[in-house]
Amino acid sequence: MTHTSSIAPRPLRRWFIFLATLVLLNAPCLTGRAAQRKAEHGYAHTRGGELVDGDGHPLYLRGINLGNWLEAEGYMFHFDHGPQSPREIEELTNQLMGPAEAAQFWREYRDKYITRDDIQFLGQAGFNSVRIPIDYRFFGPGESEGFTLLDRVVGWAQEAGIYVVVYMHCAP
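About the cut-offs
Residues numbered from 1 in each chain as written. Predicted model: local features only at pLDDT ≥ 70, side-chain atom pairs only at ≥ 80, totals over all residues. Heavy atoms only, no water. Core = buried A, V, L, I, M, F, W, Y, C linked by side-chain atoms within 4.5 Å. Buried < 20%, exposed > 50% of the residue type's maximum accessible area, 1.4 Å probe, protein only. Helix = DSSP H or I, 4+ residues; strand = E, 2+ residues; numbered from the N terminus. Contact = heavy atoms within 4.5 Å. Expected span 1.5 Å × (residues − 1). 1 Å grid on protein atoms, 1.4 Å probe; cavity = no way out; pocket = protein on both sides within 12 Å on 5 of 7 lines; lining within 4 Å. Points joined across faces, edges and corners; volume = space filled by probe spheres on them. Pairing = 2+ DSSP bridges. Right-handed = clockwise from strand over helix to strand, strands pointing away.

**Q** Would you explain the nonpolar core in this entry?
**A** The nonpolar side chains of a soluble globular protein tend to be buried with one another. Of all hydrophobic cores here, the largest spans 17 residues; its most connected members are Leu-66, Trp-69, Leu-70, Ile-114, Ile-119, Ile-132 and Val-153. Secondary-structure elements contributing two or more residues to this core are helix H5 (116-124), strand S4 (129-135) and helix H6 (145-160). Top element by residues in this core is H6. It accounts for 5 residues. Beyond its immediate sequence surroundings of up to four residues, Val-153 is in contact with Leu-66, Trp-69, Ile-114, Ile-119 and Ile-132.

The following block contains the structure:
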């Protein structure tokens, strides 16, 4: 298997540096009145050292991770001595299936991996949060798949009364 660099192309790295800077520069806007307004609309936030819901009540997360959905990992596929990173797994599927069929396989995999019924079941089972690790490659310039899938699951979670924690697991 050929190893390829996991460093993102320069324009993509610049875009993410810009995005991270924008988020950091706007972080102070989330304090004071802005945070209070967001909290009044149902956003979880901190109060001192405590996590509270939008009404200011203590919030205790009972969550589960939706790993291996928007970022494939070798240990979750039980590839003990095989590919481990998303890029290595992608390379293997390209070799086994060919690039076009592998791309179609992964699109279908991501589309069907998490369903409305799954999210409803998690709510019924007593979970009040889901953690979604993501791969930056699905959220870059010209990419809409990640946003489409994430919007869909956030909507389902909202229906089920479940908080969503999005986690950038694979960054450039």
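**Q** Would you mind going over helix H3 (residues 86-97) with me for this structure?
**A** In an α-helix there are 3.6 residues to a turn, and that puts residues three or four apart on one side. A rise of 1.5 Å per residue sets the reference length of H3, with its 12 residues, at 16 Å; its end C-alpha atoms lie 16 Å apart and thus fit the reference within 8%. Listed in full, the buried residues belonging to H3 are Pro-86, Ile-89, Glu-91 and Thr-93. Those residues of H3 that are buried are in contact with helix H4 (99-113), S4 and strand S5 (163-170). Directly after H3, the chain includes Gly-98, whose backbone phi takes a positive value near 95°.

**Q** What is the right way to read empty space enclosed by the protein from this model?
**A** Empty pockets left among the atoms are what a rolling probe the size of a water molecule brings to light. Going through the model one piece at a time under the given rule, you end up with 1 cavity of 30 Å³ or more. Taken as a whole, the largest cavity encloses approximately 90 Å³ of empty space. If you trace the largest cavity, you find it lined by Trp-69, Leu-70, Glu-71, Ala-72, Pro-86, Glu-90, Trp-106, Tyr-109, Arg-110, Asp-135, Arg-137 and Phe-138. Top element by residues in the lining of the largest cavity is H4. It accounts for 3 residues.

**Q** Would you explain the pairing of S5 in this entry?
**A** Each regular strand displays side chains that alternate between the two surfaces of the sheet. Relative to S5, S4 is paired through 7 bridges, and the arrangement is parallel. Across the sheet, residue Asp-135 finds its bridge partner in S5, namely Cys-170. Following the backbone out of S4, through H6 and into the adjacent parallel S5, one traces a crossover that is right-handed.

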